[in-house]
Amino acid sequence: MGVELEALFTNALGLQAPWVVENVKLNTTDRRIDFEIGCQGAGLACPACGAAAQPIHDRLLRSWRHLDFFQFETWLHCEVPRIACSDCGKTTQMLVPWARPGSGFTAAFEAFALALCRDLPVSQAAALLRCSDKQLWRRIEFYVEQARAQERFTDVRTVGIDETSMRRGQNYITVVHDLDAKRLLFATEGRDHKTVLDFVDDLKAHGGDSEQVKHVCMDMSAAYAKGVGLALPQAQISYDRFHVVAMAMDAMDQVRRTEMAQDAPAVREALESAVDNDEHKTLKQLMWGMRRNPESWSAKQTDAMHWLQRSMLKSARAWRLKMALRAVYARAKEHNSVQQASVELQAWLSWAFRCRLEPFKKLARSLKERFAAVVRGMLGHRSNAYVEAMNGLLQQAKRAARGFRTSDNFITIAYLRMSKLKHLPVSPFAPVGGT
């Protein structure tokens, strides 16, 4: 190979002395390029102790997959020297600058693979890179574990705890987010109180202090509350507003379903005066109209809901209770007053206890038992809205882990995508100079 071409590929691969490209083999049939790299010099520094000008004991052939050149699959091959050191008495193989020890891929290839897996399913990224998804999983696990080990949680003060399903059935992952920094801190299999204890152990391992966590936003899980009480002594619990409103939505649906099933004659009689003579269509419009916000109603849903509000059905009462609770939360977000929020929530509870709708009476009892924590969740813009949004991304992560859907792989992908890890390798295609 010509000297100029040798220098070109040596520079293109970022090699420095004593490493040089000695030969290039191009196979247009298989669309493959093989670079043969040499290590020049008779006396080299010992990799173990650093002693200079040590003799080469032997050379071992190694190969690494590299990023494609000209859309051709690219491999690097090198007879890597082993140094027999007279100072330390060890025979040690030299480290190559383009790959980490034990890897069959170059560092640039691995960095690009991680960048792809942040946005694509692992199997799809593997297909693009023409390697196996199992090989990618090993590298994702290695770099995520390495990057998380260097993370510091010293500034964690407010966390959100939630659960997300891993697969159908009772398979759940507990996730803990830093609500201030908006990043995933911890994820583990299960949803019992021990998951909170495991989070605190992980927090301490990363330099955090459990006594500095002042606020925990979560749903009304008794297990999580027990864990917080045991492991986060200084933290106040606030119950997430979206969870409380979702409970009201569920209570409303229970009333509607029960009424449609048990009081069908009364419902049909009321429907005789509906604007739409098609009973089935009217019921369908009511179902969606009751669940949606009024500003998002379609024309047919608007007609159905206006009729419902003029009716004497239990469903109408249930819908008004749900909307009233939403209004209490909306006003609390504006005034941010503990006293006013307490008064308005107490008024709503009084109405719910008197409404003669058992699902809402049950909800009222739950809220009354946790009154202070519910009020805290109404104020200071405290909510798990970010956590709920991240749950959507977690479900994308679950799809990305398809094919190797163990909890460990699910959690690893979640960390890669949502933890804002600072110590991952930089993609070789990142803009130069940050532009």
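Predicted model only: the values in this text are computed from it and were never measured. (Residues numbered from 1 in each chain as written. Predicted model: local features only at pLDDT ≥ 70, side-chain atom pairs only at ≥ 80, totals over all residues. Heavy atoms only, no water.)

K.L.:
Break down the packing of helix α11 (residues 314–335) against helix α12 (residues 338–354) for me, with residues and values.
P.N.:
Where α11 contacts α12, the axes come no closer than 10 Å and their chain directions differ by 175°. By the angle between their directions, the pair α11 and α12 is classed as roughly antiparallel. Counting all contacts with α11, which are made through R320, L321, A324, L325, V328, R331, A332 and H335, the residues of α12 involved are Q340, A341, E344, L345, W348, W351 and A352. (Axes fitted to C-alpha atoms, helices over the stretch in contact; angles between N-to-C directions. Helix = DSSP H or I, 4+ residues; strand = E, 2+ residues; numbered from the N terminus. Parallel < 35°, antiparallel > 145°, perpendicular 65-115°, else oblique. Contact = heavy atoms within 4.5 Å.)

K.L.:
Would you mind going over helix α5 (residues 193–205) in detail, with residue names and values included?
P.N.:
Here α5 is 13 residues long and its end C-alpha atoms lie 19 Å apart, about the 18 Å a rise of 1.5 Å per residue gives. Every buried residue of α5 is accounted for by T195, V196, F199, V200, D202 and L203. An end-on view of α5 places all buried positions within 165° of arc, on one side of the element. Taken from the residues just after α5, G207 is the one with a positive phi, measuring 85°. (Expected span 1.5 Å × (residues − 1). Buried < 20%, exposed > 50% of the residue type's maximum accessible area, 1.4 Å probe, protein only. Arc of directions from axis to C-beta.)

K.L.:
Account for the environment of P121, naming residues and giving values.
P.N.:
Examined against the element boundaries, P121 turns out to sit in the loop between α2 (107–117) and α3 (122–129). Not counting residues up to four positions away in its chain, the partners in contact with P121 are R399, A400 and R417.

K.L.:
Any chance you could break down the packing of α2 against α3 for me, citing the residues and the numbers?
P.N.:
For any two helices packed against each other, one specifies the inter-axial angle together with the distance between the axes. It is at 9 Å that the axes of α2 and α3 come closest, and there the two elements cross at 140°. Judged by the inter-axis angle, α2 sits oblique to α3. For the pair α2 and α3, the sense of crossing is right-handed. Residues F109, F112, A113, L116 and C117 of α2 form the contact with α3, whose own contacting residues are V122, A125 and L129. Of the residues contributing to the contact of α2 with α3, the split by class is eight nonpolar, no polar and no charged. (Left-handed = near helix turned anticlockwise from the far one by under 90°. Nonpolar A, V, L, I, M, F, W, Y, C, P; charged D, E, K, R; others polar.)

K.L.:
Any details on the pairing of strand β10 (residues 215–218)? Residues and values, ideally.
P.N.:
Burial of β10 is two-sided: the residues H215 and C217 facing one way and the residues V216 and M218 facing the other way are all buried. Judged from the four bridges that link them, β10 and strand β11 (residues 236–239) form a sheet pairing that is parallel. Note that in β11 the partner of V216 across the bridge is I237. The handedness of the β10 to β11 crossover, carried by helix α6 (residues 222–231), is right-handed. (Pairing = 2+ DSSP bridges. Right-handed = clockwise from strand over helix to strand, strands pointing away.)

K.L.:
I'd like to hear about the side chain of K322, residue by residue, with values.
P.N.:
Relative to the elements of secondary structure, K322 occurs in helix α11. Buried within the structure, K322 lacks any salt-bridge partner; D253 is the closest side chain of opposite charge, at an N-O distance of 8.4 Å. The contacts of K322, once residues within four sequence positions are left out, are A248, M249, M252, M290, R291, R292 and F360. (Lys, Arg positive; Asp, Glu negative; His and termini not counted. Salt bridge = Lys/Arg side-chain N within 4 Å of Asp/Glu carboxyl O.)

K.L.:
Mind laying out the nonpolar core, listing which residues take part and the relevant values?
P.N.:
Counting residues in hydrophobic clusters, the biggest one holds 105 residues, and the most contacted among them are L136, I140, V216, V228, W348 and F360. For this core, the leading source of residues is α11, giving nine residues. The residues touching W348, leaving out its near neighbours within four places in the chain, are L321, A324, L325, V328, F360, L363 and L367. Grouped together as the second largest cluster of nonpolar side chains are 21 residues, I37, F72, L76 and C78 included. (Core = buried A, V, L, I, M, F, W, Y, C linked by side-chain atoms within 4.5 Å.)

K.L.:
Report on the pattern of salt bridges, specifying residues and quantitative values.
P.N.:
Inspection of the entire model under this criterion finds 19 salt bridges. Here R32 makes a salt bridge to D34, at a shortest N to O gap of 2.9 Å. When its relative accessible area of 27% is taken as the criterion, R32 is described as partly exposed. The partner of R291 in a salt bridge is D253, and the shortest N-O contact between them spans 3.4 Å. With a gap of 38 residues between them, R291 in helix α9 (residues 279–291) and D253 in helix α7 (residues 241–262) connect regions that are remote in the sequence. The exposure class assigned to R291 is partly exposed, which follows from its relative accessible area of 29%. Judged by its relative accessible area of 8%, D253 is buried. Ionic contacts of the salt-bridge type, sharing partners, join the residues R65, D68, E73 and R130 into one network.

K.L.:
An account of the pairing of strand β1 (residues 19–27) is needed here, citing residue identities and associated values.
P.N.:
Direction of pairing for β1 relative to strand β2 (residues 32–39): antiparallel, over a ladder of eight bridges. The residue of β2 that forms the bridge with V21 is I37. Taken together, β1 and the strand that follows it, β2, pair antiparallel across an intervening segment of four residues, in which R31 is found at a positive phi of about 50°.

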